[in-house]
Amino acid sequence: MAAKGMYLIIIPPTIQDGIKKVQLQQEVMEPENMKWQKAVILYVIGESPSIGAMERFKTSQWNFAAKPIVSYHNEGYFVILFSSIKDKNEVLYSGPHTMGAKPLILKSWSADFNLYNEVLKTIPLWASFPNLPLNCWGRLTLSRIASSLGCPIYVDECTANTAIISYARVLIEMDISKELPKCIIVQDPSGKEFEQVVEYDWVPQYCKKCLMVGHDCDGEQDRAGATRKILKGEQQQQRAEALRRVDSQLTNPWLIMGDFNAIMDIEDMVNGTTV
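1. What to know about the sheet that holds strand β7 (residues 102-108)
Part 1: Read across the sheet, five strands follow the order β4-β5-β3-β7-β6 without closing on themselves; strand pairing throughout is antiparallel. At either end of the open sheet lies a strand with only one pairing partner, and these are β4 (69-73) and β6 (98-99).
Part 2: On the sheet, helix α2 (residues 51-61) packs against β3 (39-44), β4, β5 (77-81), β6 and β7 and is oriented at approximately 150 degrees with respect to β4.

2. Regarding empty space enclosed by the protein
Part 1: Per the stated rule, a full pass over the model turns up one cavity of 30 Å³ or more.
Part 2: In this structure, the largest cavity occupies an estimated 170 Å³ of space.
Part 3: Surrounding the largest cavity, 13 residues form its lining, Pro-96, Leu-104, Pro-124, Trp-126 and Leu-171 being those nearest its centre.
Part 4: The set of elements that each furnish at least two residues to the lining of the largest cavity consists of β7 and β8 (122-130).
Part 5: The class makeup of the residues in the lining of the largest cavity is 10 nonpolar, two polar and one charged.

3. Thoughts on a nonpolar patch on the surface
Part 1: Together, Val-22, Leu-24, Val-28 and Met-29 line one region of the surface with nonpolar side chains, adding up to about 410 Å² of accessible area.
Part 2: Note that Val-28 resides in helix α1 (residues 26-36).
Part 3: Judged by relative accessible area, which is 54%, Val-28 ranks as exposed.

4. Re the pairing of strand β10 (residues 167-175)
Part 1: Relative to β10, β8 runs antiparallel, the two being bridged by nine bridges. Paired with Pro-124 across the strands is Glu-173, a residue of β10.
Part 2: Pairing between strand β9 (residues 151-155) and β10: four bridges, direction antiparallel. Opposite Tyr-154, over in β10, you have Leu-171 as the bridge partner.

Conventions adopted
Residues numbered from 1 in each chain as written. Predicted model: local features only at pLDDT ≥ 70, side-chain atom pairs only at ≥ 80, totals over all residues. Heavy atoms only, no water. Pairing = 2+ DSSP bridges. Helix = DSSP H or I, 4+ residues; strand = E, 2+ residues; numbered from the N terminus. Contact = heavy atoms within 4.5 Å. Axes fitted to C-alpha atoms, helices over the stretch in contact; angles between N-to-C directions. 1 Å grid on protein atoms, 1.4 Å probe; cavity = no way out; pocket = protein on both sides within 12 Å on 5 of 7 lines; lining within 4 Å. Points joined across faces, edges and corners; volume = space filled by probe spheres on them. Nonpolar A, V, L, I, M, F, W, Y, C, P; charged D, E, K, R; others polar. Patch = residues over 30% accessible without salt bridge, like charges linked within 9 Å, V, L, I, M, F, W, Y side chains within 5 Å. Areas by Shrake-Rupley, 256 points an atom, 1.4 Å probe, with all protein chains shown as cover. Salt bridge = Lys/Arg side-chain N within 4 Å of Asp/Glu carboxyl O. Buried < 20%, exposed > 50% of the residue type's maximum accessible area, 1.4 Å probe, protein only.

Structure (structure tokens):
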């Protein structure tokens, strides 16, 4: 007898054209769908913390929620199951979140969830519209404006209540594999157009080589190359200054044999050959 497991029963599959097929039933799956609708997918950019670390995080950060259940997937993400939709939404819409200075990505669970197509490509970002005209702050108008950037999800409390009118702040699911727009063109009912600036609370790095969020191989190589150029310039300047000091101490003519600038680092070449 299983102590903590669950007994199963035989339910024969259907056979169509000689192929076995498992036919799932909506009424049977609905209770599980309702259960997991209270869950969020959580991904930590840059590292995969232990489940113990995640338990401590949710206890310290989400102590208002009634004992959410943490589950770990070996692809590097967590599923956090809350006891109510209210608790889930309070966490989901209160971001952005960080864990040990590492940004967190939070998304509502869905039956067709795929880590690489969603969490590592399409993620919720808080976008702000500075100086947006107040007559554009209605639910449908904000939805229409935000839809030009992605899939609008939610506006924060200050925007909903117009408590802060410097900017409207909206949570939008956006494709970060593409360049995020910095402005959009809005046309009012009279046909007049204006350019609306878009600002983001946080813009994650996305590597088009690795198809991963959290780093950018091309950007890192560019920064490394720029650093090498700076160091090389500094080394050349230091050597030139040293030679000027030597020259000031000598009275007879002197000559440097060879090119003292020829080899400055491992990537330099002599006659086309790497040194």
